[in-house]
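Now for the letters of each chain:
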Amino acid sequence: MTENKRKYFISGIVPYIIWGTMSVPLRNIKDFPPHEILYYRILVSIFVVWGIIFLFRKEALKNDLDLFKSLSSSKKTRLMLLTVVSSFLITGNWFTYIYAVNSVSLKAAAFAYMVCPLLTALCGFIILKEQLTKAKVIALVVAFISIILLATGSLHEVIWAIIVASFYAIYVIVLKIIKGVDKFNLLGIQLILSGLMMLPLYFFNAAPFPIQTSFWLHIFLIAIVFTIIPLFLNSYALIGMPSSALGILIYLNPIVAFTVAFFYFKEKIDLHQLFAYLLLLLSIVIFNAQLLKSVVYKKQ
């Protein structure tokens, strides 16, 4: 593996391991409503990201501004529309994930990221007209059966898992469409738009300004370690890694998340749920069989 490929590979792995442990700081501040946690998470992220841009990335910002000015009116409109849509999707993913962790269950939040790559493939087929092999179609059918089985046990958990996964799956598709723009600058714009989207919810559900030191320590931790760093690394990995390979790495997220749920938070799983999860795992193996085979042969 060359040095550059190693960088992309590590950049692809780290975000999903980080996100897999995100339930820990979120559970520590579960007494605060989800919209409040998200609003301050976004607010702190905006200040940190734009501070970094203005201090260390002025040249990249200038290049993006020059690129935007050089685009035709139709391409400018398209880029702005895609940026707004991506901001809405990642905001929706953040909000629903926080709600799922603190108000539904950790299993539902982890399950979302097991389903996510399969939904991403389905969205890629529908939106980007990417082809699906017979094996992948079979995998999607098996995954659908798994979801139905889980729904018979807890429809509430499954619905929230699919909502969380859908937001992120479509976000990844939109991010793949946006090309030529510096990913860190794009993140800065997305955060500003996310903050504006959250403003109405923040004012309609006005609460006293939090003054607890522990709350702000957790918000800074979530903003920097669980938002800015992994999103930037994820975007960077997309530059040098095929999306299919990155699709394999995303499964690190639910593996870590399930480990945290069962061993750290002591959440229980019944046989019905275990069978459904194993069925979903089978669909994941079928879905990625060709890629896994190529990886094994390359190592040999």
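Structure first, text after, so check above.
Predicted, not measured: the structure shown is a model, and the values here were computed from it. (Residues numbered from 1 in each chain as written. Predicted model: local features only at pLDDT ≥ 70, side-chain atom pairs only at ≥ 80, totals over all residues. Heavy atoms only, no water.)

Some details on the overall build of the protein chain
Phase 1 of the analysis: Within the protein chain, the regular secondary structure consists of 14 helices and zero strands.
Phase 2 of the analysis: Put simply, the protein chain runs from its N terminus to its C terminus through helices and strands in the order α-α-α-α-α-α-α-α-α-α-α-α-α-α.
Phase 3 of the analysis: For the protein chain, the C-alpha radius of gyration of 20 Å lies close to 19 Å, the compact-globule estimate for 300 residues.
Phase 4 of the analysis: Each principal axis of the C-alpha atoms in the protein chain carries an extent, and together these give about 50 × 45 × 35 Å.
Phase 5 of the analysis: Relative to its 300 residues, the protein chain shows a buried fraction of 48%.
Phase 6 of the analysis: Counted over contacts in the protein chain with a minimum sequence separation of 6, partners at least 24 positions apart contribute 88%. (Helix = DSSP H or I, 4+ residues; strand = E, 2+ residues; numbered from the N terminus. Rg over C-alpha atoms; globule rule 2.2 N^0.38 Å. Buried < 20%, exposed > 50% of the residue type's maximum accessible area, 1.4 Å probe, protein only. Contact = heavy atoms within 4.5 Å.)

As for the environment of serine 214
Phase 1 of the analysis: Among the secondary structure elements, serine 214 is positioned in helix 10 (residues 213–240).
Phase 2 of the analysis: Separated by 85 residues in the primary sequence, serine 214 and lysine 129 have C-alpha atoms spaced 47 Å apart.

Some points on helix 13 (residues 271–287)
Phase 1 of the analysis: Spanning 17 residues, helix 13 covers 24 Å between terminal C-alpha atoms, matching the ideal 24 Å at 1.5 Å per step.
Phase 2 of the analysis: Gln273, Ala276, Tyr277, Leu279, Leu280, Ser283, Ile284 and Phe287 are the residues of helix 13 that are buried. Buried residues of helix 13, seen end-on, are gathered within an arc of 155° and therefore sit on one face of the element. What points out from helix 13, more than 90 degrees from its buried face, is the exposed set Leu271 and Phe275. (Expected span 1.5 Å × (residues − 1). Arc of directions from axis to C-beta.)

Here we look at empty space enclosed by the protein
Phase 1 of the analysis: Under the definition given, this model contains four cavities of 30 Å³ or more.
Phase 2 of the analysis: Around the largest cavity, the lining residues are Trp19, Met22, Arg41, Ile90, Asn93, Trp94, Tyr97, Tyr113, Tyr168, Phe226, Leu231 and Asn253.
Phase 3 of the analysis: When contributions to the lining of the largest cavity are tallied by element, the ones reaching two or more residues are helix 5 (73–104) and helix 10.
Phase 4 of the analysis: Counting residues per element, the lining of the largest cavity draws most heavily on helix 5, which supplies four residues.
Phase 5 of the analysis: Classifying every residue of the lining of the largest cavity by side-chain character gives nine nonpolar, two polar and one charged.
Phase 6 of the analysis: By volume, the second largest cavity is sized at about 80 Å³.
Phase 7 of the analysis: Considering the residues around the second largest cavity, the lining is formed by Lys107, Ala108, Phe111, Leu150, Gly153, Ser154, Glu157, Val158, Ala161, His272, Gln273 and Tyr277.
Phase 8 of the analysis: For the lining of the second largest cavity, the secondary-structure elements that each account for two or more residues are helix 6 (106–127), helix 7 (134–153), helix 8 (155–177) and helix 13.
Phase 9 of the analysis: Its residues assigned to classes, the lining of the second largest cavity comprises six nonpolar, four polar and two charged. (1 Å grid on protein atoms, 1.4 Å probe; cavity = no way out; pocket = protein on both sides within 12 Å on 5 of 7 lines; lining within 4 Å. Points joined across faces, edges and corners; volume = space filled by probe spheres on them. Nonpolar A, V, L, I, M, F, W, Y, C, P; charged D, E, K, R; others polar.)

Let's talk about the packing of aromatic side chains
Phase 1 of the analysis: Taken as a whole and assessed by the stated rule, the structure comprises 16 aromatic pairs.
Phase 2 of the analysis: Between tyrosine 16 and tryptophan 19 the ring centres are 5.7 Å apart and the planes differ by 65°, which places this aromatic pair in the edge-to-face class. Of this pair, tyrosine 16 and tryptophan 19 are both found in helix 1 (residues 3–20), three residues apart, which corresponds to roughly one turn of the helix. Take tyrosine 16 and tryptophan 19: they sit in the same class, and that class is buried.
Phase 3 of the analysis: Through successive ring pairs, a cluster of aromatic residues spans Phe32, Tyr39, Tyr40, Phe209, Phe215 and Trp216.
Phase 4 of the analysis: The ring of phenylalanine 265 has arginine 27 sitting right over it, with the charged end atom 5.3 Å from the ring centre. (Phe/Tyr/Trp six-rings, centres within 6.5 Å; stacked < 30°, edge-to-face > 60°. Lys NZ or Arg CZ within 6 Å of the ring centre and 35° of its normal.)

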